Amino acid sequence: MMKFKRLILSILLVSAVSCKKITESKNEEVPNKKLSKIENLLANLHDSTNKEVIVVAHRGDWRNAPENSLQAIQSCIDMGVDMVEIDVRETKDGHLVLMHDKTIDRTTKGKGAVNEWTLDSLKTLQLLDGLGVATSNKIPTLEEALDLCKGKILVNLDKSYDIFDKCYEVAKKTQTLDQIIIKGAKSKKQVEKEFGEYLDKVNFMPIVRLANPNAKQTIDEYLEGDIPLAFEFTVPQDTISLIKNFKTIRNKGASVWVNSLWAKHNGGHDDEKAYLDANVYDWFIKNNIDIIQTDRPKLLLDYLRSKGLHN
């Protein structure tokens, strides 16, 4: 009988230990998978209620490198910018390159329209710095730019709406589709008609000019059904009443993008005033703007980091 009792006790002890181990195992917290840099950027981009402000560098860090150059993009990556805005044009032989203007006159020593030059010919030119001095930088192709950005920074392709079928193929080839943001100052119906096949493949953002009498109607139409990732708003006067709707728009799931580039975009709260007093950027925060495109990315990053609004 004693042996039997000991056997039963042993079985119970083993069972108790096993149950404890199972319980402890179940209660153990599974360590959170550390997100990659681009996963963190995308998570913030898709979360309109996140307090961390997204910084977009206009044409790259063009004050320290030629605009739309690989060096200007790399500088943005190095300083921790979230998104770079680059401009896309098509060459005479059907290649996509980075160039803001329709012509190459301002940013190279060459002359003429981008679409009058072949890629090989454009590659012989040197990009100019802000003082018009030739640098070692060449005009990059879109593919070269996206290869550089892959896994490191979000990308807004400007001037690309009408040639997006070709941009799409390059983004697909470089596996950067999830990093791409396209914008257009068009109604929802126009976008669905002209761009519909891409709406579930890339991030589209409508541009709304708040001075337009139809601005509220355009916003309301976009907020019906599938809400866009964000709106880009131009704000010529800071007294426009629709600014008060920014918080509601964010609560509905769309972020609010306003440019700090020039006074006409932000009611006078622009980068050049902020260069003299960074507290000029307070206006953006107070008005629930969570994406800011700037010509002074380092200045804006330093300001936001001092406020705990950027990592």
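Residues numbered from 1 in each chain as written. Predicted model: local features only at pLDDT ≥ 70, side-chain atom pairs only at ≥ 80, totals over all residues. Heavy atoms only, no water.

Asker: What am I meant to see in the overall build of the protein chain here?
Answerer: Broken down by element type, the protein chain carries 13 helices and nine strands. Taken over 311 residues, the protein chain has a buried fraction of 50%. Put simply, of all contacts in the protein chain between residues at least 6 apart along the chain, 64% involve residues at least 24 apart. (Helix = DSSP H or I, 4+ residues; strand = E, 2+ residues; numbered from the N terminus. Buried < 20%, exposed > 50% of the residue type's maximum accessible area, 1.4 Å probe, protein only. Contact = heavy atoms within 4.5 Å.)

Asker: In this structure, what is going on with the confidence of the model for the protein chain? I would like to understand it.
Answerer: Per-residue pLDDT for the protein chain averages 91, and the proportion of residues at 70 or more is 90%. The low-confidence segment residues 1–30 (pLDDT under 50) makes zero contacts with residues lying over four places distant or belonging to another chain. (pLDDT = per-residue confidence, 0-100.)

Asker: So what exactly am I meant to see when it comes to the pairing of strand 1 (residues 54–58) here?
Answerer: Remember that side chains alternate between the two faces of the sheet whenever the strand is regular. For strand 1, the tally of buried residues reaches five of five residues, placing the bulk of the element in the interior. Looking at chain direction, strand 1 and strand 9 (residues 291–294) are connected through four bridges and run parallel. Bridge assignment links I54 to a residue of strand 9, and that residue is I291. Judged from the three bridges that link them, strand 1 and strand 2 (residues 83–90) form a sheet pairing that is parallel. Among the inter-strand pairings, A57 is bridged to a residue of strand 2, identified as V84. (Pairing = 2+ DSSP bridges.)

Asker: Please explain helix 3 (residues 70–79) as it appears in this structure.
Answerer: Given 3.6 residues to a turn, an α-helix orients residues that are three or four positions apart in the same direction. For helix 3, the set of buried residues is A72, I73, C76, I77 and M79. Buried positions along helix 3 lie against helix 2 (37–45), strand 1, strand 2, strand 3 (96–98), helix 5 (142–149) and helix 13 (297–306). Taken from the residues just after helix 3, G80 is the one with a positive phi, measuring 90°.

Asker: I would appreciate a short explanation of the environment of N245 in the present structure.
Answerer: Relative to the elements of secondary structure, N245 occurs in the loop between strand 7 (230–234) and helix 9 (246–251). What makes N245 partly exposed here is its relative accessible area of 30%.

Asker: Sorry if this is basic, but what is going on with the layout of surface pockets here?
Answerer: If you roll a probe as big as a water molecule over the atoms, it shows you where there is empty space left. If you add up the space inside the largest pocket, you get close to 590 Å³. Taken together, 25 residues line the largest pocket, and the ones lying closest to its centre are D158, K159, I207, R209 and E232. Only strand 2, strand 4 (154–158), strand 5 (180–184), strand 6 (203–209), strand 7 and helix 10 (263–266) provide two or more residues apiece to the lining of the largest pocket. Residue composition of the lining of the largest pocket, grouped by class: seven nonpolar, eight polar and ten charged. The computed volume of the second largest pocket comes to approximately 330 Å³. If you go around the second largest pocket, you meet 15 residues; those closest to its centre are L199, F204, D226, I227 and P228. (1 Å grid on protein atoms, 1.4 Å probe; cavity = no way out; pocket = protein on both sides within 12 Å on 5 of 7 lines; lining within 4 Å. Points joined across faces, edges and corners; volume = space filled by probe spheres on them. Nonpolar A, V, L, I, M, F, W, Y, C, P; charged D, E, K, R; others polar.)

Asker: It is not clear to me how the packing of helix 5 against helix 6 (residues 164–174) should be interpreted in this structure. Could you clarify?
Answerer: Packed helix pairs are characterised by how far apart their axes lie and by the angle those axes make with each other. Two elements in contact, helix 5 and helix 6, have axes whose closest approach is 10 Å; the angle formed by their N-to-C orientations is 40°. It follows that helix 5 is oblique to helix 6 by the angle criterion. When the axes of helix 5 and helix 6 are compared, the crossing they make is right-handed. Contacts between helix 5 and helix 6 involve L142, E143, L146 and D147 on the former and, on the latter, C167, V170, A171, K173 and T174. Residue composition of the contact of helix 5 with helix 6, by class: five nonpolar, one polar and three charged. (Axes fitted to C-alpha atoms, helices over the stretch in contact; angles between N-to-C directions. Parallel < 35°, antiparallel > 145°, perpendicular 65-115°, else oblique. Left-handed = near helix turned anticlockwise from the far one by under 90°.)

Asker: Honestly, the packing of aromatic side chains in this entry has me stumped. Any pointers?
Answerer: Ring pairs (aromatic) are described by centroid distance and by the angle formed between their planes. Here the structure, examined in full by the defined rule, presents 14 aromatic pairs. Residues W283 and F284 carry aromatic rings whose centres are separated by 5.0 Å and whose planes lie at 85° to one another, so their mutual orientation is edge-to-face. For the residue pair W283 and F284, the accessibility class agrees, reading buried in each case. Among the aromatic residues, those joined into a ring-pair cluster are Y161, F164, Y168, F195, Y198 and F204. Taking NZ or CZ as reference, R296 lies 4.0 Å from the ring centre of Y275, over its face. (Phe/Tyr/Trp six-rings, centres within 6.5 Å; stacked < 30°, edge-to-face > 60°. Lys NZ or Arg CZ within 6 Å of the ring centre and 35° of its normal.)

Asker: Explain the pattern of salt bridges to me, please; I cannot follow it from the model alone.
Answerer: If charged atoms from side chains of opposite charge come close, those side chains can pair. Going through the model one piece at a time under the given rule, you end up with 16 salt bridges. Note that K123 is salt-bridged to E144, the shortest N-O span being 2.9 Å. One end of the pair, K123, is in the loop between helix 4 (119–122) and helix 5; the other, E144, is in helix 5, with 21 residues separating them in the sequence. According to the relative accessible area criterion, K123 is partly exposed, its value standing at 25%. According to the relative accessible area criterion, E144 is partly exposed, its value standing at 32%. (Salt bridge = Lys/Arg side-chain N within 4 Å of Asp/Glu carboxyl O.)

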